Amino acid sequence: MPVLVPRDKPKTVPQNLIIVEKKIREKLEEADRNKDGRYTRDELKSALKDFGSYIPGWRANRCLVKADANNDGLISGHEIDTLVDYLLARGPSIDMYGLTGGVNSSCVVLHGVLTVSVNVYYN
């Protein structure tokens, strides 16, 4: 029978995951054409296409199903956090090389598992 052993250390979020989340939020803001802070299906499709999604229209529909809590056809307010979490967990392949000088990072989702790799070069 498994035994639950409490952790002495609190869980921490890896720095590279924070960078990936920030990059996703930046791409979503770029895709917001009318700058109203709400995302339509077409705006999501545009952002997902920039992320490299193979079928951005289908993925945009899935994002709306998962994140649109009030079923108004828009992702807004706290729903944006749900959208970002969904994209981190099940989103498209995200290629983010050259985020900042000396850091190369890539994020790929395979079979629902997020894989993040970061290479830091010291000069």
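Residues numbered from 1 in each chain as written. Predicted model: local features only at pLDDT ≥ 70, side-chain atom pairs only at ≥ 80, totals over all residues. Heavy atoms only, no water.

## As for the overall build of the protein chain
Across its full length, the protein chain holds four helices and two strands. Order of helices (α) and strands (β) in the protein chain, N terminus to C terminus: α-α-α-α-β-β. In the protein chain, buried positions account for 32% of the 123 residues. For the protein chain, the share of sequence-separated contacts (at least 6 apart) that also reach a separation of at least 24 residues comes to 36%. About 8,400 Å² of surface is accessible on the protein chain, with carbon and sulfur atoms providing 53% of the total. (Helix = DSSP H or I, 4+ residues; strand = E, 2+ residues; numbered from the N terminus. Buried < 20%, exposed > 50% of the residue type's maximum accessible area, 1.4 Å probe, protein only. Contact = heavy atoms within 4.5 Å. Areas by Shrake-Rupley, 256 points an atom, 1.4 Å probe, with all protein chains shown as cover.)

## Comments concerning a negative patch on the surface
A contiguous patch of negative charge on the surface is contributed by Glu26, Glu29, Glu30 and Asp50. Tracing the backbone through its elements, the reader meets aspartate 50 in helix α2 (residues 41–51). Aspartate 50 sits in the partly exposed class, given a relative accessible area of 48%. (Patch = residues over 30% accessible without salt bridge, like charges linked within 9 Å, V, L, I, M, F, W, Y side chains within 5 Å. Salt bridge = Lys/Arg side-chain N within 4 Å of Asp/Glu carboxyl O. Lys, Arg positive; Asp, Glu negative; His and termini not counted. Charge placed at Lys NZ, Arg CZ, Asp CG, Glu CD.)

## Quick look at the nonpolar core
Counting residues in each nonpolar core, the largest one holds 20 residues, and the members touching the most others are Ile24, Leu28, Leu44, Cys63, Ile75, Leu83 and Leu87. When contributions to this core are tallied by element, the ones reaching two or more residues are α1 (15–31), α2, α3 (56–67) and α4 (79–90). Sort the elements by how many residues they give to this core and α4 lands first, with six residues. Contacts of cysteine 63, omitting those with residues within four sequence positions, involve Leu44, Leu48, Asp68, Ile75, Leu83, Tyr86 and Leu87. (Core = buried A, V, L, I, M, F, W, Y, C linked by side-chain atoms within 4.5 Å.)

## Remarks on the pattern of salt bridges
Oppositely charged side chains are able to pair whenever their charged atoms sit close together. According to the stated counting rule, one finds four salt bridges in the structure shown. One salt bridge in this structure joins arginine 41 and aspartate 42, with 3.8 Å as the shortest N-O distance. Residue class for aspartate 42 comes out partly exposed when judged on its relative accessible area of 45%. Taken together, the salt bridges that share partners define one network made up of Glu21, Arg25 and Asp81.

## Here we look at the environment of serine 46
Within the fold, serine 46 resides in helix α2. Judged by its relative accessible area of 28%, serine 46 is partly exposed. Sequence separation of serine 46 and proline 56 is ten residues, and the distance between their C-alpha atoms is 7.5 Å. Each residue touching serine 46, except ones within four places of it in the same chain, is listed here: Ala31 and Arg33.

## Regarding the confidence of the model for the protein chain
Residues at a pLDDT of 70 or more form 63% of the protein chain, whose mean pLDDT is 76. The lowest-confidence element of the protein chain is strand β1 (residues 103–110), averaging 48 in pLDDT; the highest-confidence one is α3, averaging 93. Note on residues 95–105: pLDDT under 50 across the span, and 29 contacts to partners over four residues away in sequence or across chains. (pLDDT = per-residue confidence, 0-100.)

## Notes on α4
If you check α4, its first and last C-alpha atoms are 16 Å apart, about what twelve residues at 1.5 Å a residue would give, namely 16 Å. By the burial criterion, the buried members of α4 are Glu79, Ile80, Leu83, Val84, Tyr86, Leu87 and Leu88. (Expected span 1.5 Å × (residues − 1).)

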